[in-house]
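Spelled out, the chains give:
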Amino acid sequence: MLVPILVVTQVAYLLASRLGTQTEVRFLGDLAAGELVPEPVAARDWLRLAELVTSYRNLPLGTVDASIIAVAERLGASAIATLDRRHFGVVRPAHVAAFDLLP
């Protein structure tokens, strides 16, 4: 499973602050083992992030969520794993009518 690099920082923070350091360490272990693969934000993704944040400013859609969309668009991915159905259910990606939201 690919994880946009901006998501790694947010997930690590949320795990540590809400579930404790041990959960954060397990997440880092999954990254180290290759079960989760960090995906860099490409140079061309940054402008798309800005477009998405601007377009969905009333949602509001932040930079981290926008990075998920931009990376999915660049890679042609139609399914994303998220617990944030509110935001990702509203967003209309450029490459498909809507994302398949997992789980």
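Everything below is about the structure printed above this text.
So, a few notes on the structure that sits alongside this text.

Cut-offs and rules
Along each chain, residue indices are assigned from 1 in the same order as the chain's sequence is written. This being a predicted model, a pLDDT of at least 70 is required before a residue's local features are given, and a value of 80 or more before pairs of side-chain atoms are given or counted; all residues contribute to the totals for chains, interfaces and linings. Side-chain figures throughout are based on the complete set of non-hydrogen atoms in the structure, without hydrogens or water. Only DSSP runs of H or I covering at least 4 residues are called helices, and only runs of E covering at least 2 are called strands; the numbering of each starts at the N terminus. Note on exposure labels: buried denotes an accessible area under 20% of the residue type's maximum, exposed denotes more than 50%, and partly exposed covers the range between, all computed with a 1.4 Å probe on protein chains only. We call two residues contacting when some pair of their heavy atoms lies within 4.5 Å. Using a 1.4 Å probe, the Shrake-Rupley method yields the accessible areas, and only the shown protein chains count as cover for residues. Charge counting follows a simple rule: Lys and Arg are positive, Asp and Glu are negative, and His as well as the terminal groups are ignored. Where a charge lies is defined by one atom per residue type: Lys uses NZ, Arg uses CZ, Asp uses CG and Glu uses CD. Here, nonpolar core means buried Ala, Val, Leu, Ile, Met, Phe, Trp, Tyr and Cys residues that are tied together by side-chain atoms lying within 4.5 Å of each other.

1. A word on the overall build of the protein
Phase 1: Scanning the protein for helices and strands turns up five helices and four strands.
Phase 2: Of the regular secondary structure in the protein, the N- to C-terminal order runs β-α-α-β-α-α-β-α-β.
Phase 3: Seen through its principal axes, the protein has C-alpha atoms that stretch 35 × 25 × 25 Å.
Phase 4: For the protein, buried positions account for 35% of its 103 residues.
Phase 5: Taking as baseline every contact in the protein between residues at least 6 positions apart, the subset at least 24 positions apart corresponds to 45%.
Phase 6: Of the accessible surface of the protein, which amounts to about 6200 Å², a share of 60% is contributed by carbon and sulfur atoms.
Phase 7: Computed over 9 positive and 10 negative side-chain charges, the inter-centroid distance for the protein is 7 Å.

2. A few points about the nonpolar core
Phase 1: Core analysis: the biggest nonpolar cluster contains 25 residues, and Phe 27, Leu 61, Ile 69 and Ile 80 have the highest contact counts within it.
Phase 2: At the level of elements, helix H1 (5-19), helix H2 (21-33), helix H3 (45-55) and helix H4 (63-75) are the ones that each hand at least two residues to this core.
Phase 3: Broken down by element, this core gets its largest block of residues, six residues, from H4.
Phase 4: Other than its neighbours up to four places away in sequence, Phe 27 contacts Val 8, Val 11, Ala 12, Leu 15 and Leu 36.

3. With respect to the side chain of Ser 67
Phase 1: For Ser 67, the position within the fold is in helix H4.
Phase 2: With relative accessibility at 0%, the residue Ser 67 sits in the buried group.
Phase 3: Sequence-distant contacts of Ser 67, that is, excluding residues within four places in its chain, are made with Pro 4, Leu 6, Val 7, Val 41 and Leu 49.

4. Re unusual backbone geometry
Phase 1: Here the amide bond leading from Leu 59 into Pro 60 is cis, since omega sits at -15°, within 30 degrees of zero.
Phase 2: Tracing the backbone through its elements, the reader meets Pro 60 in the loop between H3 and H4.
Phase 3: In this chain, Leu 102 is followed by Pro 103 through a cis amide linkage whose omega measures 0°.
Phase 4: Structurally, the position occupied by Pro 103 is in the segment after strand S4 (100-102).

5. A closer look at the environment of Tyr 13
Phase 1: As for its position among the elements, Tyr 13 is in helix H1.
Phase 2: In sequence terms Tyr 13 and Glu 24 are eleven residues apart; their C-alpha atoms lie 7.8 Å from each other.

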